[in-house]
Amino acid sequence: MSIRNLRPNYRGEGEEEARRQREIIERLKLREDKPKTYYIATMGCQMNAHDSEKLIGIMEEIGASPAAESEADIVIYNTCCVRENAEQKVYGRLGYLKTFKKNRPNMKIALCGCMMQEDVVIEKLKKSYPEVDLIFGTYNIYKFPELLESLLDGSGRIIDIWRAQEEIVEDLPSIRKHSFKASVNIMYGCNNFCTYCIVPYVRGRERSREPDNILAEVRALAESGVKEIQLLGQNVNSYGRGLKNEITFAQLLEMVNEVEGIERIRFISSHPKDLSQELIDAMGRLDKVCPQFHLPLQSGSDRLLKLMNRHYTKAQFLDEVRRLKEAVPDVSITTDIIVGFPGETREDFLETLDVVRQVRFDGAFTFIYSKREGTPAARMEQVDPEEAKANFDELLKLLEEIGRENNKHWVGKRLKVLAEEVSKNDAAVLSGRTEHNHLVHFKADASLIGEMVWVTITDSTAFYLLGEMEKAEEV
Ligand code: 5AD
Ligand code: SF4
């Protein structure tokens, strides 16, 4: 896998602050007592994965290299709080880390990410987890060099949690997992307050980045060899609100589509309540925007959608899907679904299954509702967990059946695939993605990683496609 350092040659927002942090990085590089090795565990969504790229970038820049969790000089957990069991896992893992720290007292433990924005978590860590050296949140991740320096200066345990974003700070080092594809934040936070969701409380209000800064970053990425861009935001469909010169997400896509060198554009996540016809038309028209759409349904029941504060109905959702399918032939639609939301009856759940049958989703992230203290749904009457589990299993079965059927459609077709990595199960096989975002496994040499290749699909399962690559001279 090729990992390359990238410092985009543009100056983004928060320039002054970014310069200060870069100066600290220079000082850290020269310190004898700096961590020589690091381990970063990333939990949760793409947003966190992107934040971890920044942490890795900073660690590499100061001259540290990756190591096993048990051996690293600093272990960082970038946490998620969307569901409670993810939080429980963090506490469990801390218990296990403590045993390593006993033998290696100089080892540092740092926690960051969404979970750190919850007061109850901070209280618990303060009281029961003295082995944690550094705690910071989602708003001040760019301050990591400064926090690390203070820690090395011996200021004792550091807890630095902000309640809101002071400024957007860009242009710090970052290391991407792949040289040929990259994620770009276009906005932060969320204003929607779905009643089950903790994200608006830990990631703050919606803030869009200036289009010029986004474009400069995309151009710099394209120049460094990136072919595929993923635009990130909690609700990209409302991109641009509140900017000096307001623009829409469709207009932003139009601009990104013009960037030379970029071949594929993807984005997540959308909210059905803000899906405009303008965006649907742009999807159909713009050649680099991939024919895939992630449209979180959450539930098919109008009654629950209302209780969830989602601001759309089952009929509106189905209408959006119909318009997307009309505008973008063969569009691949994926979704998020929650089972067991407070008060969900069998009838409500059957409405969800009905939408799944009608839309025939190409994939879905499915979740059993998890009660998050502080959200309105936590105060609603909860459902029987066993019933929720049975419904959940039924949903998975249906999604798998549909996935299996949908994927047969591609057998015999010749598809352009971006070769991404060596398959985990077979060193002679590469895994890649089609423009519809289907996973494809095919025999090929690792030297082709990062290249677009033509693959004829020979077989399929519910979750992936198998194919044969055309020889180089045929491509
Ligand atoms: N319980 C279960 N799933 C949740 N999600 C958000 N909050 C919860 C919760 N409390 C899911 C939603 C969202 C996805 C990112 O996580 O489906 O779209
Ligand atoms: Fe959470 Fe709803 Fe915002 Fe998504 S749109 S992050 S589910 S509040």
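Here, the structure is the one placed above.
Presented here is a report on the structure given in the accompanying data block. Here, residues in each chain are numbered from 1, in the same order as that chain's written sequence. The order in which chains are written sets their letters, starting at A; the order in which ligands are written sets their numbers, starting at 1. Since the coordinates come from a predicted model, pLDDT governs what is reported: local features require at least 70, and pairs of side-chain atoms require 80 or more to be given and counted, while whole-chain, interface and lining totals use all residues. Water and hydrogen atoms were dropped before computing side-chain values, which therefore reflect all heavy atoms in the structure.

## Description of the pattern of salt bridges
Between Lys or Arg on one side and Asp or Glu on the other, a salt bridge is scored when a side-chain nitrogen of the former is within 4 Å of a carboxyl oxygen of the latter. All chains considered together, the criterion is met by 36 salt bridges. Among the ionic pairs, Arg414 bridges to Glu470, the shortest N-O distance being 2.4 Å. Taken together, the positions of Arg414 in strand β17 (residues 414–422) and Glu470 in the segment after β21 (465–469) put the pair 56 residues apart, joining distant regions of the chain. In this structure Arg414 comes out as partly exposed when scored by relative accessible area, which is 42%. The exposure class of Glu470 is buried, given its relative accessible area of 13%. Between Glu421 and Lys424 there is a salt bridge, with the nearest N and O atoms lying 3.2 Å from each other. Taken together, the salt bridges that share partners define one network made up of Asp319, Arg322, Arg323 and Glu326. Secondary structure elements follow DSSP: runs of H or I no shorter than four residues count as helices, runs of E no shorter than two count as strands, and numbering proceeds from the N terminus. The buried label goes to any residue with under 20% of its type's maximum accessible area, the exposed label to any with over 50%, and the partly exposed label to all in between, with areas taken from a 1.4 Å probe on protein chains only.

## Thoughts on the sheet that holds strand β3 (residues 65–66)
Should DSSP find at least two bridges between two strands, the strands are taken to pair. Ordered by their spatial adjacency, six strands build an open sheet running β3-β2-β4-β5-β6-β7, and the pairing between neighbours is parallel. This sheet does not close on itself; its edge strands, each paired only once, are β3 and β7 (158–160). Relative to strand β4 (residues 74–79), strand β2 (residues 37–42) runs parallel, the two sharing five bridges. Bridge pairing in β4 places Ile40 opposite Ile76. This element, helix α2 (residues 46–61), spans β2, β3, β4, β5 (108–113) and β6 (134–136) of the sheet and lies at about 175° to β2. Residue contacts follow a heavy-atom distance rule, with two residues in contact if any of their heavy atoms lie within 4.5 Å. Axes here refer to lines fitted to C-alpha atoms; in helices the fit is confined to the stretch in contact. Angles between the N-to-C directions go from 0 to 180 degrees. Sheet strands in contact with helix α3 (residues 84–103) are β2, β4 and β5, and its direction is about 180° off that of β4.

## With respect to the pairing of strand β9 (residues 181–185)
Across the five residues of β9, four count as buried, placing the element largely inside the fold. Sheet topology note: the β9/strand β12 (residues 228–232) ladder contains five bridges and is parallel. Paired with Asn185 across the bridge in β12 is Leu232.

## Some thoughts on unusual backbone geometry
Negative phi is the rule for most residues except glycine; trans is the rule for most peptide bonds. The omega torsion across Ile268 and Ser269 is -5°, close enough to zero to call that bond cis. With respect to the secondary-structure elements, Ser269 resides in the loop between β13 (264–268) and α9 (277–285). With a phi close to 50°, Phe193 is a non-glycine residue in the positive phi region. With respect to the helices and strands, the residue Phe193 is situated in the loop between β10 (187–188) and α6 (199–203). At Asn437, a residue that is not glycine, the phi angle is positive and equals roughly 75°. The topology assignment puts Asn437 in the loop between β18 (429–434) and β19 (439–443).

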